[in-house]
2 protein chains.
Amino acid sequence: MNTEAASMDTLREQVDRCLREFVDRQLPLTGAPELEPLRLAAKELLAGGKRLRPAFCYWGWRGAGGADLPGVYQAAASLELLQASALVHDDVMDKSDLRRGMPSAHRRFEAMHADAGWHGSAEQFGMGAAILLGNLLLIWSGEMWRGSGLPPESLAGAQPVHDHMRTELMCGQYLDLLEQAHGENTFESALRVALYKSGKYSVEQPLRLGLALAAGGLTPWMDELCTTYGTRVGIAFQMRDDILGVFGDPAATGKPAGDDLREGKRTMLVARTLAAATPEQAALVRSLLGDPGLDDRGVAALREVIEDTGALKECEELIGAYLTEALACLDQAPITAEARSALAELAVAATSRQA
Amino acid sequence: MNTEAASMDTLREQVDRCLREFVDRQLPLTGAPELEPLRLAAKELLAGGKRLRPAFCYWGWRGAGGADLPGVYQAAASLELLQASALVHDDVMDKSDLRRGMPSAHRRFEAMHADAGWHGSAEQFGMGAAILLGNLLLIWSGEMWRGSGLPPESLAGAQPVHDHMRTELMCGQYLDLLEQAHGENTFESALRVALYKSGKYSVEQPLRLGLALAAGGLTPWMDELCTTYGTRVGIAFQMRDDILGVFGDPAATGKPAGDDLREGKRTMLVARTLAAATPEQAALVRSLLGDPGLDDRGVAALREVIEDTGALKECEELIGAYLTEALACLDQAPITAEARSALAELAVAATSRQA
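Just so we're clear, the structure is a prediction, and the values are computed from it rather than from any experiment. (Residues numbered from 1 in each chain as written. Chains lettered and ligands numbered in written order. Predicted model: local features only at pLDDT ≥ 70, side-chain atom pairs only at ≥ 80, totals over all residues. Heavy atoms only, no water.)

**Details of the relation of the copies chain A and chain B**
- For the pair chain A and chain B, the relating rotation is 180°, the translation along its axis is 0.0 Å, and the fit reaches an RMSD of 0.0 Å. Given the turn and translation reported, the copies of this chain are related as if by a two-fold rotation axis.
- An overlap of 100% is found between the interface residues of chain A and their copies at the interface of chain B, pointing to a shared contact surface. (Least-squares fit on C-alpha atoms with pLDDT ≥ 70 in both. Contact = heavy atoms within 4.5 Å.)

Next comes the structure, spelled out in structure tokens:
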């Protein structure tokens, strides 16, 4: 096993531990037995995941000369709380039934209500409980970040990035709602949504946080690295997500085949398809996309159009091109050799993943 | 006009200004014109309100010897962002149509979608946008608090209270969902929900924050003041809310008459009514409470039972008793005379309000 692989394993273990311990420290949650379902739901949500966001943050910190301190794992792990919050609320907003192959949080609370035979609407109870769970995770992400134990000057230097990232994420999600509502998406508008809703807070901002923490603020080369490497890896990351949402293996993604098609997501992949489609192909896409009852045959028909128009190949090529540009930029950055190698590996992992 | 009244007016003006300026400083929101509805919704939500929470915080600070610094208005004003967030999410969870006599946030976004004739479900768009708006307000409450400009040792001393308050609020709201779902409420369980969902973050914790900010942490007498004065005013505040939800003047509350009855809220007032009701009265309450189609006659019938059982009188007396105990405790606290007088006035205002 090489050094980076060993570091990645250590990082994952540390992040897992930080998250477990943090949730268990939430005193108001352990006092009342009725609150136990909230704590359990949080812990289960936080148990999985690729820990990509903490990894970008950690290697930003190390790349700018930060030492391997316990506090940086705490700060990096806090990004998983933000991500978990976004997933819980996203599933409520999309009315998604599944998350990583398991019932989504609101469906679990809904089932708890139904099983107990409680009063009122089980669906409304599930939605309410999931909104509150997402809020807890959002609050805790800020609390864990601030309480990381890193020096105050580190935290103060990175705080503007942290504040910006959180507002930007919510704005990106709102732009996504608008994009779905407007219906007629272009590649450019889908790209902007992908960047603001996902790319930025998955890659660019975690990296920026790590760099800013280590340096107590951002220097021009750091900003340059984040906006070139970070943006490109972020967009390619989301483009891979678009492809997995249509062609992904349900056993790996934990979502039914073609789930994004059933939900009618207006992705970069769909925009490329529509831009290159014949009138007949475009009509087929428009008639099937977003049909909640879309079956395997419908999914197969849409997949065929996405392949025949060349949109799939085009997106794969774009991912490759973005990755190449990102790696070239990484080569120029004055970071440590170990971080350069780890960030290169992370860029590949984020854009070639199967789930 | 006496000194306290002048101070209260100044406080309100300062809080208004801080909130307006803060929202306008949110750069990611001003960049894209599509985000303007989020910013406008936030500003409108923050424009109203009695500013009770900032007032408890401000007078805690002054009471413990804090000077009249600009930063304390910022820190106090941040509580209004937390409150606005809770209201937006509450209305989503309760599916409420109105807030202060105007359409609730999710209904406004829903109407925006419907008016524009966009794709997909207008209701789902409204819900999603309101969840995101609530998240923005929640994030900003922490950001404004931290960025108040008060000395780091003040903020560090009060941060544990701040963290605790936010988690406690979400847990309290979850307990409220459970209380409504369980249906069979007792006075004790309704009181616990009232305390955790509303009382604590409306009175006790804002006061505690102000005291902790001024002293860089909490001394025993401060903790004592918060748990006696704060808890009692908080419960009486919520009990007044229960009464207004049934007997309030729609012109003042901005909600239809008897709205809490239609929603089937399991309040302390309802628990007292059921505890004192004859079997016939109890059957009537159970048959009408929570009926979405409850008309004026039904509201009048329920009001009659609430009065005839003596529950209304009992709750009014409890409010009076809690207020007396709170004021007695205030007399013993080693705070400044000006703060003592202002906190006494605030306790009366919070528990005898008409809206």
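**Focus on the interface of chain A and chain B**
- Counting residues at the interface gives 49 residues for chain A, matched by 49 residues for chain B.
- Between chain A and chain B the total buried area reaches about 4600 Å² when both faces are included, carbon and sulfur atoms providing 71% of it.
- On the chain A side of the contact with chain B, Leu132(A), Ile139(A) and Tyr174(A) bury the most area, a combined 15% of that side's loss.
- Of the charged contacts, one joins Arg146(B) and Asp163(A) as a salt bridge, the two residues approaching to 3.2 Å between their closest N and O atoms. (Buried area = accessible area lost by both parts, 1.4 Å probe. Salt bridge = Lys/Arg side-chain N within 4 Å of Asp/Glu carboxyl O.)

**Some words on the pattern of salt bridges**
- Scanning all chains against the criterion turns up 54 salt bridges over all chains.
- Among the salt bridges present, the one from Asp24(A) reaches Lys43(A), with a minimum N-O distance of 2.8 Å. You can see Asp24(A) sitting in helix H1 (residues 3-24) and its partner Lys43(A) sitting in helix H3 (residues 36-47), a full 19 residues away along the chain.
- Between Arg208(B) and Asp223(B) there is a salt bridge, with the nearest N and O atoms lying 3.3 Å from each other. Taken together, the residues span a long stretch of sequence, with Arg208(B) in helix H9 (residues 187-215) and Asp223(B) in helix H10 (residues 220-247) at a distance of 15 residues.
- Owing to a relative accessible area of 10%, Arg208(B) belongs among the buried residues under this scheme. (Helix = DSSP H or I, 4+ residues; strand = E, 2+ residues; numbered from the N terminus. Buried < 20%, exposed > 50% of the residue type's maximum accessible area, 1.4 Å probe, protein only.)

**Looking at the domain arrangement of chain A**
Residues and elements named next belong to chain A.
- When cut into domains, chain A gives domain 1 (1-48 + 70-149) and domain 2 (153-355).
- Distance from the C-alpha centre of domain 1 to the C-alpha centre of domain 2: 23 Å.
- With 22 residues of domain 1 in contact, the opposing surface of domain 2 contributes 25 residues.
- Summed over both partners, the interface of domain 1 with domain 2 comes to about 2000 Å²; 62% of that surface belongs to carbon and sulfur atoms. (Domains from an automatic or database assignment.)

**Structural notes on the nonpolar core**
- In this structure, Tyr229(A) and Tyr229(B) are the most contacted members of the largest nonpolar core, which totals 178 residues.
- Dropping the residues within four chain positions of it, Tyr229(A) is found in contact with Phe56(A), Val203(A), Leu207(A), Ala326(A), Cys329(A), Leu330(A), Leu343(A), Leu346(A) and Ala347(A). (Core = buried A, V, L, I, M, F, W, Y, C linked by side-chain atoms within 4.5 Å.)

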